[in-house]
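One letter stands for each residue in the lines below.
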Amino acid sequence: LAQKYDPQKEAELRTWIESVTGQQIGPDFQKGLKDGVILCELMNKLQPNSVRKINRSAQNWHQLENLSNFIKAMASYGMNPVDLFEANDLFESGNLTQVQVSLLALAGMAKTKGMQSGVDIGVKYSEKQQRNFDEAKMKAGQCVIGLQMGTNKCASQSGMTAYGTRRHLYDPKNQILPPMDHSTISLQMGTNKCASQVGMTAPGTRRHIYDAKTGTEKCDNSSMSLQMGSNQGANQSGQVFGLGRQIYDPKYCPQGSQGEVANAACDQSGDPPGYHYYCEEE
(Lines give C-alpha, C1' and ligand atoms only; values in the text may rest on other atoms or scores of the structure.)
Protein backbone atom coordinates (compact mmCIF):
# COMPACT_ATOMS: atom_id res chain seq x y z
CA LEU A 1 0.00 0.00 0.00
CA ALA A 2 2.85 2.40 0.76
CA GLN A 3 4.30 1.85 -2.73
CA LYS A 4 1.02 2.94 -4.29
CA TYR A 5 1.21 6.35 -2.66
CA ASP A 6 1.74 9.01 -5.35
CA PRO A 7 3.78 12.11 -4.33
CA GLN A 8 2.57 14.03 -7.39
CA LYS A 9 -1.05 13.49 -6.37
CA GLU A 10 -0.13 14.68 -2.90
CA ALA A 11 1.16 17.96 -4.33
CA GLU A 12 -2.02 18.41 -6.36
CA LEU A 13 -4.17 17.71 -3.28
CA ARG A 14 -2.15 20.18 -1.24
CA THR A 15 -2.68 22.91 -3.81
CA TRP A 16 -6.40 22.15 -4.10
CA ILE A 17 -7.07 22.09 -0.34
CA GLU A 18 -5.12 25.29 0.28
CA SER A 19 -6.89 27.07 -2.58
CA VAL A 20 -10.33 26.06 -1.28
CA THR A 21 -9.78 26.63 2.45
CA GLY A 22 -7.23 29.45 2.29
CA GLN A 23 -5.08 27.73 4.97
CA GLN A 24 -1.56 26.36 4.75
CA ILE A 25 -1.01 22.64 5.40
CA GLY A 26 2.73 22.83 6.02
CA PRO A 27 5.67 20.82 4.78
CA ASP A 28 4.39 17.50 6.20
CA PHE A 29 1.12 16.56 4.54
CA GLN A 30 0.14 13.97 7.15
CA LYS A 31 0.92 16.13 10.18
CA GLY A 32 -0.85 19.13 8.63
CA LEU A 33 -4.09 17.16 8.26
CA LYS A 34 -3.76 14.97 11.35
CA ASP A 35 -5.79 17.17 13.69
CA GLY A 36 -8.72 17.30 11.21
CA VAL A 37 -9.20 21.07 11.46
CA ILE A 38 -8.28 21.86 7.84
CA LEU A 39 -10.32 18.90 6.59
CA CYS A 40 -13.41 20.07 8.48
CA GLU A 41 -12.92 23.58 7.07
CA LEU A 42 -12.66 22.02 3.58
CA MET A 43 -15.91 20.14 4.09
CA ASN A 44 -17.72 23.29 5.24
CA LYS A 45 -16.53 25.05 2.08
CA LEU A 46 -17.85 22.26 -0.14
CA GLN A 47 -21.10 21.83 1.79
CA PRO A 48 -21.88 24.57 4.33
CA ASN A 49 -22.63 23.52 7.92
CA SER A 50 -21.77 19.89 7.19
CA VAL A 51 -19.42 19.89 10.23
CA ARG A 52 -21.06 21.95 12.98
CA LYS A 53 -18.33 21.63 15.60
CA ILE A 54 -14.60 21.83 15.00
CA ASN A 55 -12.31 21.01 17.93
CA ARG A 56 -9.09 23.03 17.92
CA SER A 57 -7.66 21.31 20.95
CA ALA A 58 -4.35 19.42 20.82
CA GLN A 59 -5.77 16.39 22.64
CA ASN A 60 -5.91 13.16 20.69
CA TRP A 61 -9.56 12.38 21.24
CA HIS A 62 -10.53 15.88 20.00
CA GLN A 63 -8.52 15.36 16.84
CA LEU A 64 -10.03 11.90 16.30
CA GLU A 65 -13.48 13.44 16.73
CA ASN A 66 -12.70 15.96 13.98
CA LEU A 67 -11.63 13.18 11.64
CA SER A 68 -14.78 11.18 12.41
CA ASN A 69 -16.98 14.20 11.71
CA PHE A 70 -15.14 14.79 8.42
CA ILE A 71 -15.70 11.19 7.33
CA LYS A 72 -19.41 11.40 8.18
CA ALA A 73 -19.67 14.64 6.22
CA MET A 74 -18.09 13.00 3.18
CA ALA A 75 -20.64 10.18 3.33
CA SER A 76 -23.51 12.70 3.50
CA TYR A 77 -21.91 14.61 0.61
CA GLY A 78 -22.66 11.62 -1.61
CA MET A 79 -19.39 9.71 -1.75
CA ASN A 80 -19.32 5.96 -2.08
CA PRO A 81 -18.57 4.00 1.11
CA VAL A 82 -15.64 2.24 -0.60
CA ASP A 83 -13.93 5.61 -1.14
CA LEU A 84 -13.91 6.56 2.55
CA PHE A 85 -10.99 6.08 4.92
CA GLU A 86 -10.88 5.47 8.66
CA ALA A 87 -9.66 7.95 11.25
CA ASN A 88 -6.62 5.85 12.21
CA ASP A 89 -5.54 5.68 8.57
CA LEU A 90 -4.58 9.35 8.83
CA PHE A 91 -4.07 9.85 12.56
CA GLU A 92 -1.59 6.97 12.96
CA SER A 93 -0.40 6.88 9.32
CA GLY A 94 -1.88 3.40 9.01
CA ASN A 95 -2.94 3.70 5.38
CA LEU A 96 -2.06 7.01 3.75
CA THR A 97 -2.78 5.53 0.33
CA GLN A 98 -6.45 5.16 1.23
CA VAL A 99 -6.46 8.74 2.57
CA GLN A 100 -5.13 9.96 -0.76
CA VAL A 101 -7.74 7.95 -2.66
CA SER A 102 -10.53 9.40 -0.51
CA LEU A 103 -9.39 12.99 -0.98
CA LEU A 104 -9.11 12.49 -4.75
CA ALA A 105 -12.64 11.07 -4.78
CA LEU A 106 -13.83 14.07 -2.76
CA ALA A 107 -12.27 16.42 -5.33
CA GLY A 108 -14.02 14.50 -8.13
CA MET A 109 -17.37 14.74 -6.32
CA ALA A 110 -16.90 18.48 -5.90
CA LYS A 111 -16.17 18.79 -9.61
CA THR A 112 -19.28 16.76 -10.39
CA LYS A 113 -21.42 19.11 -8.31
CA GLY A 114 -20.06 22.13 -10.20
CA MET A 115 -17.53 23.58 -7.78
CA GLN A 116 -14.92 25.65 -9.58
CA SER A 117 -11.31 25.73 -8.40
CA GLY A 118 -8.00 26.79 -9.82
CA VAL A 119 -6.67 23.21 -9.77
CA ASP A 120 -7.97 20.54 -12.13
CA ILE A 121 -7.92 17.49 -9.92
CA GLY A 122 -10.16 14.48 -9.49
CA VAL A 123 -12.30 12.51 -11.90
CA LYS A 124 -15.82 13.69 -12.52
CA TYR A 125 -18.44 11.17 -11.50
CA SER A 126 -20.73 9.80 -14.17
CA GLU A 127 -24.21 11.23 -14.09
CA LYS A 128 -27.27 9.03 -13.96
CA GLN A 129 -29.33 9.17 -17.14
CA GLN A 130 -32.93 8.33 -16.43
CA ARG A 131 -34.96 7.23 -19.42
CA ASN A 132 -38.74 7.03 -19.39
CA PHE A 133 -40.49 4.99 -22.06
CA ASP A 134 -44.18 4.97 -22.81
CA GLU A 135 -46.30 1.82 -22.60
CA ALA A 136 -46.20 1.17 -26.35
CA LYS A 137 -42.40 1.28 -26.35
CA MET A 138 -42.22 -1.12 -23.41
CA LYS A 139 -44.54 -3.60 -25.13
CA ALA A 140 -42.45 -3.40 -28.29
CA GLY A 141 -39.37 -4.25 -26.28
CA GLN A 142 -40.93 -7.47 -25.05
CA CYS A 143 -40.76 -8.84 -28.59
CA VAL A 144 -36.98 -8.37 -28.77
CA ILE A 145 -34.70 -11.17 -27.57
CA GLY A 146 -31.03 -10.88 -26.69
CA LEU A 147 -28.29 -12.46 -28.74
CA GLN A 148 -27.52 -14.72 -25.78
CA MET A 149 -30.68 -16.62 -26.68
CA GLY A 150 -29.52 -17.09 -30.26
CA THR A 151 -30.34 -15.29 -33.47
CA ASN A 152 -32.43 -15.94 -36.57
CA LYS A 153 -30.51 -13.46 -38.70
CA CYS A 154 -30.35 -14.46 -42.39
CA ALA A 155 -32.74 -17.37 -41.73
CA SER A 156 -35.35 -17.87 -44.42
CA GLN A 157 -37.53 -20.54 -46.02
CA SER A 158 -36.23 -19.89 -49.49
CA GLY A 159 -36.19 -23.04 -51.64
CA MET A 160 -38.11 -25.13 -49.15
CA THR A 161 -40.52 -27.60 -50.72
CA ALA A 162 -43.98 -28.53 -49.57
CA TYR A 163 -44.49 -31.18 -46.93
CA GLY A 164 -44.40 -34.71 -48.31
CA THR A 165 -42.41 -33.77 -51.41
CA ARG A 166 -39.89 -36.37 -52.54
CA ARG A 167 -36.30 -35.63 -51.61
CA HIS A 168 -33.49 -36.95 -53.79
CA LEU A 169 -30.42 -38.55 -52.25
CA TYR A 170 -26.94 -38.31 -53.68
CA ASP A 171 -23.44 -39.38 -52.75
CA PRO A 172 -20.40 -37.87 -54.53
CA LYS A 173 -18.29 -40.94 -53.65
CA ASN A 174 -20.57 -43.22 -55.67
CA GLN A 175 -20.51 -40.88 -58.69
CA ILE A 176 -24.11 -39.84 -58.14
CA LEU A 177 -24.97 -36.55 -59.77
CA PRO A 178 -25.05 -33.45 -57.55
CA PRO A 179 -28.44 -32.24 -56.35
CA MET A 180 -30.69 -30.62 -58.83
CA ASP A 181 -32.44 -28.40 -56.30
CA HIS A 182 -32.68 -27.64 -52.61
CA SER A 183 -34.87 -30.65 -51.95
CA THR A 184 -31.95 -33.06 -52.42
CA ILE A 185 -30.17 -34.17 -49.24
CA SER A 186 -26.83 -35.90 -48.69
CA LEU A 187 -26.34 -39.47 -47.55
CA GLN A 188 -24.98 -38.08 -44.30
CA MET A 189 -28.61 -37.46 -43.40
CA GLY A 190 -29.51 -41.11 -44.02
CA THR A 191 -30.78 -43.07 -47.00
CA ASN A 192 -33.73 -45.23 -47.99
CA LYS A 193 -31.79 -46.92 -50.76
CA CYS A 194 -32.87 -50.54 -51.45
CA ALA A 195 -35.80 -50.18 -49.07
CA SER A 196 -38.93 -51.93 -50.34
CA GLN A 197 -42.00 -53.86 -49.24
CA VAL A 198 -41.22 -56.94 -51.28
CA GLY A 199 -42.31 -60.15 -49.53
CA MET A 200 -44.44 -58.43 -46.94
CA THR A 201 -47.76 -60.15 -46.37
CA ALA A 202 -51.11 -58.63 -45.72
CA PRO A 203 -52.17 -58.07 -42.10
CA GLY A 204 -53.57 -61.25 -40.52
CA THR A 205 -51.69 -63.66 -42.81
CA ARG A 206 -50.47 -66.85 -41.15
CA ARG A 207 -46.79 -66.86 -40.27
CA HIS A 208 -44.84 -70.14 -40.14
CA ILE A 209 -42.40 -70.79 -37.32
CA TYR A 210 -39.10 -72.59 -37.88
CA ASP A 211 -36.05 -73.50 -35.85
CA ALA A 212 -32.78 -74.40 -37.53
CA LYS A 213 -31.61 -76.43 -34.51
CA THR A 214 -34.55 -78.87 -34.68
CA GLY A 215 -34.37 -79.28 -38.46
CA THR A 216 -37.40 -77.13 -39.18
CA GLU A 217 -36.81 -75.35 -42.44
CA LYS A 218 -37.93 -71.90 -43.38
CA CYS A 219 -40.83 -72.06 -45.82
CA ASP A 220 -41.02 -68.50 -47.07
CA ASN A 221 -40.38 -64.91 -46.07
CA SER A 222 -43.34 -64.98 -43.69
CA SER A 223 -41.72 -67.63 -41.43
CA MET A 224 -40.10 -66.45 -38.24
CA SER A 225 -37.67 -68.05 -35.80
CA LEU A 226 -38.63 -69.62 -32.47
CA GLN A 227 -36.69 -66.85 -30.77
CA MET A 228 -39.72 -64.71 -31.43
CA GLY A 229 -42.03 -67.16 -29.68
CA SER A 230 -44.17 -70.01 -30.89
CA ASN A 231 -47.84 -70.90 -31.14
CA GLN A 232 -47.08 -74.49 -32.13
CA GLY A 233 -49.55 -77.03 -30.68
CA ALA A 234 -52.03 -74.37 -29.60
CA ASN A 235 -55.67 -75.13 -30.50
CA GLN A 236 -59.21 -74.86 -29.15
CA SER A 237 -60.01 -78.54 -29.33
CA GLY A 238 -62.39 -79.70 -26.60
CA GLN A 239 -63.27 -76.21 -25.40
CA VAL A 240 -66.97 -75.56 -24.85
CA PHE A 241 -68.68 -72.33 -24.01
CA GLY A 242 -71.07 -72.04 -21.06
CA LEU A 243 -70.95 -75.72 -19.96
CA GLY A 244 -69.96 -76.98 -16.54
CA ARG A 245 -66.42 -78.21 -16.09
CA GLN A 246 -65.64 -81.02 -13.65
CA ILE A 247 -62.66 -80.45 -11.42
CA TYR A 248 -60.78 -83.30 -9.81
CA ASP A 249 -57.48 -83.96 -8.09
CA PRO A 250 -55.71 -87.29 -8.75
CA LYS A 251 -54.48 -87.42 -5.16
CA TYR A 252 -58.03 -87.68 -3.79
CA CYS A 253 -59.58 -89.74 -6.61
CA PRO A 254 -59.73 -93.65 -6.70
CA GLN A 255 -57.78 -95.57 -9.30
CA GLY A 256 -59.28 -95.67 -12.73
CA SER A 257 -60.33 -93.28 -15.38
CA GLN A 258 -62.48 -90.26 -14.68
CA GLY A 259 -65.52 -91.76 -16.41
CA GLU A 260 -65.38 -95.04 -14.48
CA VAL A 261 -65.09 -93.19 -11.19
CA ALA A 262 -68.05 -90.98 -11.98
CA ASN A 263 -70.26 -93.94 -13.10
CA ALA A 264 -69.32 -95.99 -10.06
CA ALA A 265 -70.16 -93.09 -7.81
CA CYS A 266 -73.64 -92.74 -9.27
CA ASP A 267 -74.44 -96.51 -8.80
CA GLN A 268 -73.42 -96.64 -5.13
CA SER A 269 -76.05 -96.01 -2.51
CA GLY A 270 -73.59 -94.51 -0.02
CA ASP A 271 -70.72 -92.12 -0.44
CA PRO A 272 -67.26 -93.61 -0.14
CA PRO A 273 -65.38 -92.13 2.74
CA GLY A 274 -63.15 -89.21 1.93
CA TYR A 275 -64.50 -88.67 -1.61
CA HIS A 276 -67.12 -86.17 -2.71
CA TYR A 277 -68.47 -86.10 -6.25
CA TYR A 278 -71.05 -84.17 -8.21
CA CYS A 279 -73.67 -85.97 -10.35
CA GLU A 280 -75.75 -83.91 -12.73
CA GLU A 281 -79.26 -85.08 -13.64
CA GLU A 282 -80.60 -85.04 -17.18
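The protein chain appears in an unreviewed UniProt entry as Calponin from Nyctibius grandis. Per UniProt, the comment on the protein chain under Sequence similarities (unreviewed entry) is "Belongs to the calponin family." Looking at the protein chain in UniProt, the text filed under Function (unreviewed entry) is "Thin filament-associated protein that is implicated in the regulation and modulation of smooth muscle contraction. It is capable of binding to actin, calmodulin and tropomyosin. The interaction of calponin with actin inhibits the actomyosin Mg-ATPase activity."

Engineer: Now, about the environment of K9: what can you tell me, with residues and values included?
Structural biologist: Note on placement: K9 falls in helix α1 (residues 7–21). Separated by 91 residues in sequence, K9 and Q100 place their C-alpha atoms 7.8 Å apart. For K9, the residues in contact, after removing those within four places along its chain, are Q100 and L104.

Engineer: Give me the packing of α1 against helix α3 (residues 37–46): which residues, what numbers.
Structural biologist: Orientation of α1 relative to α3, taken along the N-to-C sense of each, is 65°, at an axis distance of 9 Å. Viewed along their axes, α1 and α3 form a crossing whose handedness is left-handed. Only I38, E41, L42, K45 and L46 of α3 make contact with α1, whose side of the interface consists of W16, I17, V20 and T21. Tallied by class, residues from the contact of α1 with α3 come to six nonpolar, one polar and two charged.

Engineer: Before we move on, could you go through the environment of N69 and cite the residues and values that matter?
Structural biologist: Tracing the sequence through the fold places N69 in helix α4 (residues 60–77). We classify N69 as partly exposed; its relative accessible area is 23%. Spatially, the C-alpha atom of N69 lies 9.7 Å from that of M43, the residues being 26 residues apart in sequence. Beyond its immediate stretch of four places on either side in the chain, N69 contacts V51 and K53.

Engineer: How would you explain the packing of aromatic side chains if you had to name every residue and give the values?
Structural biologist: Applying the stated criterion across every chain, the model contains one aromatic pair. With centroids separated by 6.3 Å and ring planes inclined at 45°, the aromatic side chains of F70 and F85 adopt a geometry described as tilted. Of this pair, F70 sits in helix α4 while F85 sits in the loop between α4 and α5 (87–91), and the two are 15 residues apart along the sequence. You'll find F70 and F85 in the same group, each marked buried.

Engineer: How would you explain the nonpolar core if you had to name every residue and give the values?
Structural biologist: Counting 37 residues, the largest nonpolar core has W16 and L106 as the members making the most contacts within it. If you list the elements that add at least two residues to this core, you get α1, α2 (29–33), α3, α4, α5 and α6 (96–112). Apart from the residues within four sequence positions on either side, W16 is in contact with L42, L46, L103, L106, A107, A110, S117, V119 and I121.

Engineer: Could you give an account of α6, naming the residues involved and the relevant values?
Structural biologist: Since the α-helix packs 3.6 residues into each turn, any two residues three or four apart lie on the same face. Under the 1.5 Å per step criterion, the end-to-end length of α6 is 24 Å for 17 residues, consistent within 8% with the ideal 24 Å. Inspection of α6 places T97, V99, Q100, S102, L103, A105, L106, A107, G108, M109 and A110 among the buried residues, and these make up the whole buried set. In this structure, the buried residues of α6 make contact with α1, α2, α3, α4 and α5. Within two residues after α6, G114 carries a phi angle of roughly 95°, on the positive side.

Engineer: Got a sec to walk through α1? Specific residues and values, please.
Structural biologist: Taking 1.5 Å of rise per residue, 15 residues should cover 21 Å, and α1 covers 21 Å from first to last C-alpha, within 8% of that figure. Restricting attention to buried positions, one finds in α1 the residues E10, L13, R14, W16, I17, E18, V20 and T21. The inward-facing, buried residues of α1 contact α2, α3 and α6. Two or three places before Q8, at the start of α1, stands the capping residue D6, its side-chain oxygen 3.2 Å from that residue's backbone nitrogen. One or two steps after α1, the chain reaches G22, where phi turns positive at roughly 80°.

Engineer: Got a sec to walk through the packing of α4 against α6? Specific residues and values, please.
Structural biologist: Relative orientation of the contacting elements α4 and α6 amounts to 40°, with a least axis distance of 11 Å. Taken together, α4 and α6 sit at an angle that is classed as oblique. Seen along the crossing, α4 lies across α6 with a hand that is left-handed. Here F70, M74 and Y77 of α4 come into contact with α6, specifically with L103, L106, M109 and A110.

Engineer: Go over unusual backbone geometry, please, and point to the residues and values.
Structural biologist: Unlike most non-glycine residues, N49 shows phi in positive territory, near 60°. Note on N49: relative accessible area 60%, which makes it exposed. In this model, S93 sits at a positive phi of 55°, which is unusual for a non-glycine residue. Looking at the element boundaries, S93 is found in the loop between α5 and α6.

Thresholds applied
Residues numbered from 1 in each chain as written. Predicted model: local features only at pLDDT ≥ 70, side-chain atom pairs only at ≥ 80, totals over all residues. Heavy atoms only, no water. UniProt positions renumbered as here; feature names shortened; annotations may be inferred. Helix = DSSP H or I, 4+ residues; strand = E, 2+ residues; numbered from the N terminus. Contact = heavy atoms within 4.5 Å. Axes fitted to C-alpha atoms, helices over the stretch in contact; angles between N-to-C directions. Left-handed = near helix turned anticlockwise from the far one by under 90°. Nonpolar A, V, L, I, M, F, W, Y, C, P; charged D, E, K, R; others polar. Buried < 20%, exposed > 50% of the residue type's maximum accessible area, 1.4 Å probe, protein only. Phe/Tyr/Trp six-rings, centres within 6.5 Å; stacked < 30°, edge-to-face > 60°. Core = buried A, V, L, I, M, F, W, Y, C linked by side-chain atoms within 4.5 Å. Expected span 1.5 Å × (residues − 1). Polar contact = N/O pair within 3.5 Å; in protein donor to acceptor, adjacent residues only side chain to side chain. Parallel < 35°, antiparallel > 145°, perpendicular 65-115°, else oblique.

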